[in-house]
Amino acid sequence: MEQKRCWHGNKEVLHTLNKLPRKIMTMHDKHNIVEFVMHELCNDRCFNITKAAYIIDNPDFDCVRGIAGYSQNEQYDRGDIWTVPDDFTNHMINASFNQKVRSLQRQSFRRNNAEREAMMHSLADELGMEDYGCCDIVMKHDNHGIFLYEGVIDDEDEHESFLDGISILSFCPIY
């Protein structure tokens, strides 16, 4: 019988979420903080997400732009990302899924009143994500964050913590 990961009360997840704001502040001079946060949230010590893409829809500028991508197949495994930020940054520059997400650019879905489900399916298809979930992230200045992911979020408590975790992305600067 397969043992299911027991999330409720998972101290590692709670520890990760609790420590993220302080870690983010240590990287104030980095232009890829989103990649650090995604790597921390998606790895197997936290939410164990196989693949994730963070995308922003900016209706004022009529654009959808891929911001960062994470793939477990391309996970950084040469130490703590927060203590070797330049090495991690170079790793992410060369990560093919991150490159694919970052090259994504389209017209704004919101400004052009496109149907949400069709647009999410189109984005996921373009990124090679088959069995995906999608979360909306509230952002300032009427921007709209989209978090596409492959992975299983087992229960309601885990889902709420997952939403709390990915909402941290909206506090990260975008370059």
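The preceding data block contains the structure.
Residue positions within a chain follow its written sequence, with the count starting from 1. Restriction of local features to residues with pLDDT of at least 70 applies here, the model being predicted, together with a cutoff of 80 or more for giving and counting side-chain atom pairs; totals for whole chains, interfaces and linings are based on all residues. Only heavy atoms go into the side-chain values, all of them from the structure, while hydrogens and water stay out.

1. Overview of the overall build of the chain
Filter applied, for reference: By the criteria applied, helices consist of DSSP H or I runs no shorter than four residues and strands consist of E runs no shorter than two, each listed in order from the N terminus. When we talk radius of gyration, it's over C-alpha atoms, and the globule rule is simply 2.2 Å times the number of residues to the 0.38. For the exposure calls, accessible area comes from a 1.4 Å probe over protein chains only, and a residue counts as buried if that area is under 20% of its type's maximum, exposed if over 50%, partly exposed in between. Accessible surface is estimated by sampling points in the Shrake-Rupley manner with a 1.4 Å probe; for residues, cover comes only from the protein chains shown. None of His or the chain ends enter the tally, which takes Lys and Arg as positive and Asp and Glu as negative. Throughout, a charge is located at the NZ atom of Lys, the CZ atom of Arg, the CG atom of Asp or the CD atom of Glu.
Looking only at helices and strands, the chain features six helices and five strands. Secondary structure elements of the chain occur, N-terminal to C-terminal, as α-α-β-β-α-α-β-α-β-β-α. Whereas a compact globule of 175 residues would reach a radius of gyration of roughly 16 Å, the chain reaches 16 Å, a difference of no more than 12%. Across the 175 residues of the chain, 49% fall into the buried class. For the chain, the accessible surface area stands at approximately 9,800 Å², while carbon and sulfur atoms represent 47% of it. Side-chain charges of the chain comprise 18 positive and 30 negative groups, with the mean position of each set lying 5 Å from the other.

2. Re the nonpolar core
Stated precisely, the cut-off is as follows: We define a nonpolar core as any set of buried Ala, Val, Leu, Ile, Met, Phe, Trp, Tyr and Cys residues linked to one another through side-chain atoms lying within 4.5 Å. The criterion used for residue contact is that any of the two residues' heavy atoms lie within 4.5 Å.
Counting 37 residues, the largest nonpolar core has V37, M38, Y54, F147, F162 and L169 as the members making the most contacts within it. Looking at this core, the elements that each hand over two or more residues are α1 (11–26), α2 (33–42), β1 (51–58), β2 (63–71), α3 (85–94), β4 (133–138), β5 (144–150) and α6 (156–167). Here this core takes seven residues from α2, the largest share from any one element. Those residues within four positions of V37 in sequence are excluded, and the remaining contacts are L20, I24, W82, I168, L169 and C172. Judged by nonpolar contacts, the second largest core, of 15 residues, contains V64, F97, L104 and F109.

3. Re the environment of I166
Mapped onto the elements of the fold, I166 is located in helix α6. Note on I166: relative accessible area 1%, which makes it buried. It is 11 Å that separates the C-alpha atoms of I166 and A52, two residues lying 114 residues apart in sequence. With residues up to four places along the chain from it excluded, the contact list for I166 reads L41, C135, I137 and F147.

4. Topic: the packing of α2 against α3
Basically, it comes down to this: A fitted line through C-alpha atoms serves as each axis, taken over the contacting stretch for helices, and the angle formed by two N-to-C directions is quoted from 0 to 180°. Roughly parallel means an angle under 35 degrees; roughly antiparallel, over 145; roughly perpendicular, 65 to 115; everything else is oblique. Residues are grouped as follows: nonpolar covers Ala, Val, Leu, Ile, Met, Phe, Trp, Tyr, Cys and Pro; charged covers Asp, Glu, Lys and Arg; every other residue, Gly included, is treated as polar.
The N-to-C vectors of α2 and α3 enclose an angle of 90°; their axes lie 11 Å apart at closest approach. Judged by the inter-axis angle, α2 sits roughly perpendicular to α3. Contacts between α2 and α3 pair E35, F36 and H39 from the former with P85, F88, T89 and M92 from the latter. For the contact of α2 with α3, a count of residues per class yields four nonpolar, two polar and one charged.

5. Focus: the pairing of β1
What counts, and what does not: By the convention used here, strands pair only if DSSP detects at least 2 bridges between them.
Across the eight residues that make up β1, a large majority, eight, are buried. Because side chains alternate across β1, one face comprises the buried residues K51, A53, I55 and D57, and the other comprises A52, Y54, I56 and N58, equally buried. A loop of four residues connects β1 with β2, the two strands running antiparallel in sequence, and D62 in this loop sits at a positive phi of about 50°. Here seven bridges tie β1 to β5, and the two strands are oriented antiparallel to one another. Counted as the bridge partner of I55 is I146 from β5.

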